[in-house]
Amino acid sequence: MADSSSASYIHMVHHMIEKCLIFNMSKEECVEALSKHANITPVITSTVWKELEKENKEFFKAYEERQSKQEQMSEEETTQLIQKIISDSSKESDE
């Protein structure tokens, strides 16, 4: 049963990282935001992010290039977006 809950947790982190990507957050912003607002240990977010990078090399290469051209999000924007992600995630898990 522990494997199932671990897989579910990793899947949730994966889903939240995807939301961060939709909002054009950098890896660092995503790690910090999930740690601060969703109590996800930074090493977990980093590990899942690295695995996603391995599986989607071309996507992340293009994403990082886009990131380097854009200004980083403000702390307030990050907070608002993460609160929305958490709210959306809790609604989805209730369904």
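See the structure shown above.
Here is a short report on the structure shown in this document. All of these numbers come straight from a predicted model, not from anything done at the bench.

Details of the pattern of salt bridges
Line of reasoning, step 1. This model, assessed by the stated rule, comprises two salt bridges.
Line of reasoning, step 2. One salt bridge connects K54 with E51, and the closest N-O pair in it is separated by 3.2 Å. Residue K54 and its partner E51 are both found in helix α3 (residues 42-55); the two are separated by three residues, about one turn of the helix.
Line of reasoning, step 3. What makes K54 exposed here is its relative accessible area of 55%.
Line of reasoning, step 4. Classification of E51 by relative accessible area gives partly exposed; the value is 37%.
Line of reasoning, step 5. In this structure, D88 and K84 form a salt bridge, with 2.9 Å as the shortest nitrogen-oxygen distance. You can see D88 and its partner K84 sitting in helix α5 (residues 75-94), four residues apart, about one turn around the helix.
Line of reasoning, step 6. Taking relative accessible area as the criterion, K84 reaches 43% and is therefore assigned partly exposed.

Focus: unusual backbone geometry
Line of reasoning, step 1. You will see that N24, though not glycine, has its phi angle at about 55 degrees, which is positive.
Line of reasoning, step 2. On the basis of relative accessible area, N24 is assigned to the partly exposed category, the value being 31%.
Line of reasoning, step 3. Its identity is not glycine, yet N39 carries a phi of approximately 55 degrees, on the positive side.

Calculation notes
Residues numbered from 1 in each chain as written. Predicted model: local features only at pLDDT ≥ 70, side-chain atom pairs only at ≥ 80, totals over all residues. Heavy atoms only, no water. Salt bridge = Lys/Arg side-chain N within 4 Å of Asp/Glu carboxyl O. Helix = DSSP H or I, 4+ residues; strand = E, 2+ residues; numbered from the N terminus. Buried < 20%, exposed > 50% of the residue type's maximum accessible area, 1.4 Å probe, protein only.

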